[in-house]
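Read off the chains here:
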Amino acid sequence: MLDFDRKSSALIRIYQILFDYSDADHPLTQAKIIQHLTSDYDMNLTRQSVSRHVKTLMELGIDISVSKKGVYLISRPLENYELILLIDSVLGSRHISSQYSDELIQKLIALGGKNFKSSVKHVIVAKQLSKTANKEFFYNIETISEAIEKERKISFSYVKYNENGELNISGKHTATPYQLLLHNQHYYLVLRDDKSAKVSYFRVDKITNIKMTKAAAFPLKENEGFKMGINLENFSTGMPYMFNDKPERVVFRCHVSMTDQLYDWFDGSVSVQKEDNEHLICSLTTSPKAMLFWALQYNSNIEIIAPQSLREEMIKTLKLTLKLYE
């Protein structure tokens, strides 16, 4: 039994050494593997034993390359380029706090081994970026997911920034959670708030003091406009700013230079027709409030044509804005 344990331990250690130190650019000779076994694990093996264990690992299905230059691990659970993509995603996620971002990045870097770690020294420290201050984020996700699964309501406090840039509790809520959505670099919770008795969208990173209650959830299909469930297309195209007003058909004129932005925002949900060499006529079903904000950011490149109520709201907003500069 002791001999079996020793062999198993040697196999694990050799695999860990290959994982930590080897890749196509850094093959390990038997002498180098023996050196790591001694220095890292206080284990002494002969070259013949190392060779046998490497062969056993290959027979077990581990993807290892053996050549005159040495031995290295060919494939890993995640390739280096995949790790870099994930690290970039963590860095760019504003809903993950600086502390958790750093911890996640270190875990991802460890999956690439020692050589990968040295190649990502340029990675920006998450503390340098704009991040959420809410350390309860992952607990929120866990509690919300459990409540959705068990069809229970949740209670929580919601925080907002005050004029001093400080997060303060703006209200306490009891609600039925339905869906978590990643939208515009933020996680949103689709829920039915008991106070408003309608479906709303709350930023998960601004939720605090969350608890799952014993109260049964309010059925999604009993909410107005949700008889067929949640239309995810509405969230990605019809409500780019997560307003919950009723979607309407919106028609607008835009400059041809806007084509790239149109498809970036609305993908295949926008209908586009050429009006002349410089203008396009576009239409889509969307939240009027969201469309107002979207059109304002592109200023003179967008002209709302219909509905008339939205066109008038745009005119009113532009006039009020102009007064600020007169």
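In this text the structure is predicted, and so the values were computed from the model without any measurement.

A.B. asks: Would you take a moment to explain the nonpolar core for this structure?
C.D. replies: Most often, soluble globular proteins keep nonpolar side chains buried together rather than apart. Grouped together as the largest cluster of nonpolar side chains are 19 residues, with contacts concentrated most on Phe252, Cys254, Trp294, Ile302 and Ile304. Ranked by residue count, the leading element in this core is helix 10 (residues 288-297), at 4 residues. For Phe252, the residues in contact, after removing those within four places along its chain, are Leu262, Leu280, Ile281, Cys282, Leu284, Met291, Trp294, Ile302, Glu303, Ile304 and Ile305. Counting residues in hydrophobic clusters, the runner-up holds 18 residues, among them Ile17, Ile34, Met43 and Ile64.

A.B. asks: Would you explain the packing of aromatic side chains in this entry?
C.D. replies: For any two aromatic rings, the description comes down to two numbers: the centre-to-centre distance and the angle of the planes. In this structure the tally under the stated criterion is 5 aromatic pairs. When the ring of Tyr158 is compared with that of Phe202, the centres are 4.8 Å apart and the planes differ by 80°; the resulting orientation is edge-to-face. Residue Tyr158 is found in strand 3 (residues 152-161), and its partner Phe202 is found in strand 6 (residues 198-203); the two are separated by 44 residues along the sequence. What makes Phe202 buried here is its relative accessible area of 9%.

A.B. asks: So what exactly am I meant to see when it comes to unusual backbone geometry here?
C.D. replies: If a residue is not glycine, its phi is most likely negative; likewise, a peptide bond is most likely trans. With an omega of 5°, the peptide bond between Ala306 and Pro307 qualifies as cis. Mapping Pro307 onto the fold places it in the loop between strand 11 (302-306) and helix 11 (308-325). Of note in this structure, Asp42 is not a glycine but carries a positive phi near 50°. If you trace the backbone, Asp42 turns up in the loop between helix 2 (30-41) and helix 3 (47-59).

A.B. asks: Would you explain the pairing of strand 10 (residues 279-286) in this entry?
C.D. replies: As paired elements, strand 8 (residues 248-255) and strand 10 share 8 bridges and run antiparallel to each other. Looking at strand 10, one finds that Arg249 is bridged to Thr285. The sheet contact formed by strand 9 (residues 271-274) and strand 10 spans 4 bridges and is antiparallel. What sits directly across from Val272, in strand 10, is Cys282. Between strand 9 and strand 10, which pair antiparallel one after the other, the connecting turn spans 4 residues.

A.B. asks: I tried to follow the confidence of the model for the protein chain on my own but got confused; where do I start?
C.D. replies: Interpreting fine coordinate detail is not advised for predicted regions of low pLDDT. Per-residue confidence for the protein chain averages 81 on the pLDDT scale, and 82% of its residues sit at or above 70. For the protein chain, helix 8 (residues 232-238) is the element with the lowest average pLDDT, namely 55, and strand 7 (residues 207-216) is the one with the highest, namely 94.

A.B. asks: Is there a simple way to explain the packing of helix 2 against helix 3 in this structure?
C.D. replies: Helix packing for two helices is described by the angle between their axes and how far apart those axes are. Packing of helix 2 against helix 3 brings their axes to within 10 Å, and their N-to-C directions diverge by 95°. The orientation of helix 2 relative to helix 3 falls into the category roughly perpendicular. Residues Gln30, Ala31, Ile33, Ile34 and Leu37 of helix 2 touch helix 3, and the partners they reach there are Arg47, Val50 and Ser51. Looking at side-chain class alone, the contact of helix 2 with helix 3 contains 5 nonpolar, 2 polar and 1 charged residues.

A.B. asks: Help me out: how do you make sense of helix 7 (residues 137-150) in this one?
C.D. replies: In an α-helix, one turn spans 3.6 residues, which is why side chains three or four residues apart end up on the same side. In a regular helix each residue adds 1.5 Å, so 14 residues correspond to 20 Å; helix 7 covers 20 Å between its end C-alpha atoms and thus fits that length. When helix 7 is considered as a whole, its buried residues turn out to be Phe137, Asn140, Ile141, Thr143, Ile144 and Ala147.

A.B. asks: Even after reading the chapter, I still don't get the pattern of salt bridges, so can you show me in this structure?
C.D. replies: Charged atoms that come close allow side chains of opposite charge to pair. Across all of its chains, the model carries 6 salt bridges by this definition. Notably, a salt bridge pairs Asp205 with Arg203, separated by 2.9 Å at the nearest N-O pair. Classification of Asp205 as buried rests on a relative accessible area of 5%. Connected through salt bridges with shared partners, the residues Arg253, Glu275, Glu303 and Arg311 form a single ionic network.

A.B. asks: Please clarify how helix 10 should be interpreted in this entry.
C.D. replies: Of the residues making up helix 10, those classed as buried are Pro288, Ala290, Met291, Leu292, Trp294 and Ala295. Once helix 10 ends, the next one or two residues include Asn299, with phi positive near 50°.

A.B. asks: Before we go on, may I ask you to explain the side chain of His36 in this structure?
C.D. replies: Tracing the sequence through the fold places His36 in helix 2. Residues in contact with His36, not counting those within four places in the same chain, are Ile17, Tyr21 and Tyr41.

Thresholds, definitions, all that
Residues numbered from 1 in each chain as written. Predicted model: local features only at pLDDT ≥ 70, side-chain atom pairs only at ≥ 80, totals over all residues. Heavy atoms only, no water. Core = buried A, V, L, I, M, F, W, Y, C linked by side-chain atoms within 4.5 Å. Buried < 20%, exposed > 50% of the residue type's maximum accessible area, 1.4 Å probe, protein only. Helix = DSSP H or I, 4+ residues; strand = E, 2+ residues; numbered from the N terminus. Contact = heavy atoms within 4.5 Å. Phe/Tyr/Trp six-rings, centres within 6.5 Å; stacked < 30°, edge-to-face > 60°. Pairing = 2+ DSSP bridges. pLDDT = per-residue confidence, 0-100. Axes fitted to C-alpha atoms, helices over the stretch in contact; angles between N-to-C directions. Parallel < 35°, antiparallel > 145°, perpendicular 65-115°, else oblique. Nonpolar A, V, L, I, M, F, W, Y, C, P; charged D, E, K, R; others polar. Expected span 1.5 Å × (residues − 1). Salt bridge = Lys/Arg side-chain N within 4 Å of Asp/Glu carboxyl O.

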